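Chain by chain, the residues:
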Amino acid sequence: MDTLQAIILGVVQGLTEFLPVSSSGHLQLANEILGTDLNPESNLTFSLTLHAATVLSTIVILWAEIWRLLKGVFSRTFTDEQAYVLKIVISMIPVGIVGLFFKDYIEAAFSSIVVVGVMLLVTATLLTFAYYAKPRENQSLSYRDAFIVGLAQAVAVLPGLSRSGSTIATGLLLGNKKESVAQFSFLMVLPPILGNALLDCLKGDFGGGVETLPLIAGFVAAFVTGCIACKWMINIVKRGKLIYFAIYCAIAGIVALATYIL
C-alpha cells in the first residue's frame, strides 16, 4: 500500500464511519477498486490506526457532551448523566456478545461483495422507512429503546449494513428526537470500538505490510474527514435528509452486485 492509497482509504473510513452508508462495505469496495493488496479490515495495524482516528474525531466534536457525562457520573445522587451512561452500557450488551463470540465467524462467512451489495440495499430500506416515519419525538431514549438500538448496532457488524444508519433509523422508528438519536448513535459506538481495539491488541497479531508514512497519512485523512462527517451528520439528521443516503446506498448496492455478476 502506498501513501495515496492510504489517504483514500482514510477518507473513506472517516466519511463512512459517521454517514449512514457502511464503512466496512465501502472499505471493501474501495479495496476492490484500488486493487490494494492489503485489506484494512484484516490488517490489524492499519485497521486500528483508522479506528483510532475516527474515535478521536468523535471525542473532538462531541467533547462538551462527553465532558458533561464524565462529570455527572461521579455525582452521589442519580443524575441524568448517570442515566445516560447506563443507557450506553445497556446498548453495548448485544454488540458485546456478538463481538466476543461471533465476530470472527461473521467476518469469515460474510466478507463477500455480494453480502456487501445486499446489506447496502437493506440499509437503503431502513433509511427510507425512517425518513417516512412520523416519530413522537421523545426528548430522550428510554432504557428499552437503548437496548433495541444496541441490537441494531450488533446486527450492523455485517459488512454493508451501516452501523450509524441502522442505529439512527431504529431510534427514529422508535419515536425519538432526531438530534438525541444522532448524538446517542455516535457516543454509543465509542466503548465497542475501544473494546474491539483492546481485544485486537491482546491478540498481538500485528502484521507488517504498512510503512510509517502511509499509516500517518491514513490516520490524518480519517481524523479530518471524520470530524467533518460527524458534525455534518448530526445536522443532516436534524434536518431529516436521510432519504438522500437511502438513494445513495441503493445505487451503491446495485453497483456492488453488478460488479460481482459482470
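For clarity, every value in this text was computed on a predicted model and none was experimentally measured. (Residues numbered from 1 in each chain as written. Predicted model: local features only at pLDDT ≥ 70, side-chain atom pairs only at ≥ 80, totals over all residues. Heavy atoms only, no water.)

### Points about the pattern of salt bridges
- The tally for this structure, following the rule as stated, stands at 3 salt bridges.
- Across the pair E81 and R68 runs a salt bridge, and its minimum N-O distance is 2.6 Å. One end of the pair, E81, is in helix α5 (residues 80-101); the other, R68, is in helix α4 (residues 63-73), with 13 residues separating them in the sequence.
- Notably, a salt bridge pairs D145 with R144, separated by 2.8 Å at the nearest N-O pair.
- The class for R144 is exposed, based on a relative accessible area of 52%.
- Through salt bridges with shared partners, one network takes in E65, R68 and E81. (Salt bridge = Lys/Arg side-chain N within 4 Å of Asp/Glu carboxyl O. Helix = DSSP H or I, 4+ residues; strand = E, 2+ residues; numbered from the N terminus. Buried < 20%, exposed > 50% of the residue type's maximum accessible area, 1.4 Å probe, protein only.)

### Some remarks on helix α13 (residues 242-261)
- For α13, which comprises 20 residues, the first-to-last C-alpha distance of 29 Å matches the rise-based estimate of 28 Å (1.5 Å per residue) to within 8%.
- Along α13, the residues that are buried comprise L242, I243, F245, A246, C249, A252, G253 and A256.
- Residues of α13 that are buried sit in contact with α2 (23-34), α7 (113-132), α9 (163-173) and α12 (212-239). (Expected span 1.5 Å × (residues − 1). Contact = heavy atoms within 4.5 Å.)

### Observations concerning the packing of aromatic side chains
- Under the counting rule described, the total for this entry stands at 5 aromatic pairs.
- On the basis of an interplanar angle of 80 degrees and a centroid distance of 5.3 Å, the ring pair of F18 and F186 is categorised as edge-to-face. Remark: F186 occurs in helix α10 (residues 178-188) and F18 occurs in the loop between α1 (3-16) and α2; sequence separation between them is 168 residues. The same class applies to F18 as to F186, namely buried.
- Considering the side-chain rings of W63 and W67, the 5.7 Å spacing of their centres and the 25 degrees angle between planes classify their relative orientation as stacked. One end of the pair is W63 and the other is W67, both in helix α4 and 4 residues apart, which spans about a single turn.
- The ring of Y143 is capped by K87, whose NZ or CZ atom sits 5.4 Å from the centre of that ring. (Phe/Tyr/Trp six-rings, centres within 6.5 Å; stacked < 30°, edge-to-face > 60°. Lys NZ or Arg CZ within 6 Å of the ring centre and 35° of its normal.)

### Points about the packing of α5 against α10
- As a packed pair, α5 and α10 sit with axes 10 Å apart at the nearest point and diverge in direction by 65 degrees. Relative to α10, the crossing made by α5 is right-handed. Only S180, Q183, F184, L187 and M188 of α10 make contact with α5, whose side of the interface consists of Y84, K87, I88 and S91.
- The residue inventory of the contact of α5 with α10, partitioned by class, reads 5 nonpolar, 3 polar and 1 charged. (Axes fitted to C-alpha atoms, helices over the stretch in contact; angles between N-to-C directions. Left-handed = near helix turned anticlockwise from the far one by under 90°. Nonpolar A, V, L, I, M, F, W, Y, C, P; charged D, E, K, R; others polar.)

### Some words on the nonpolar core
- With 45 residues, the main nonpolar core has I168, F184, F186, L187, M233 and L242 as its most contacted residues.
- If one sorts the elements of this core by residue count, α13 sits on top with 7 residues.
- Setting aside chain neighbours within four positions, we find I168 in contact with V181, A182, S185, M233, V237 and L242.
- Formed by 11 residues, the second largest nonpolar core is a distinct cluster that contains A6, L27, F46 and A53. (Core = buried A, V, L, I, M, F, W, Y, C linked by side-chain atoms within 4.5 Å.)

### Details of the environment of G226
- Looking at the secondary structure, you find G226 in helix α12.
- For the pair G226 and G10, spaced 216 residues apart in sequence, the C-alpha to C-alpha distance is 9.2 Å.
- Among residues more than four places away in sequence, those in contact with G226 are G14, F18 and S57.

### So, a nonpolar patch on the surface
- Nonpolar side chains collect at one region of the surface, where I93, I97, L100, F101, F102, F147 and L151 lie side by side and expose about 690 Å² of accessible area between them.
- Contributions of two or more residues to the nonpolar patch are made by α5 and α8 (143-155).
- Mapped onto the elements of the fold, I93 is located in helix α5.
- When its relative accessible area of 43% is taken as the criterion, I93 is described as partly exposed. (Patch = residues over 30% accessible without salt bridge, like charges linked within 9 Å, V, L, I, M, F, W, Y side chains within 5 Å. Areas by Shrake-Rupley, 256 points an atom, 1.4 Å probe, with all protein chains shown as cover.)

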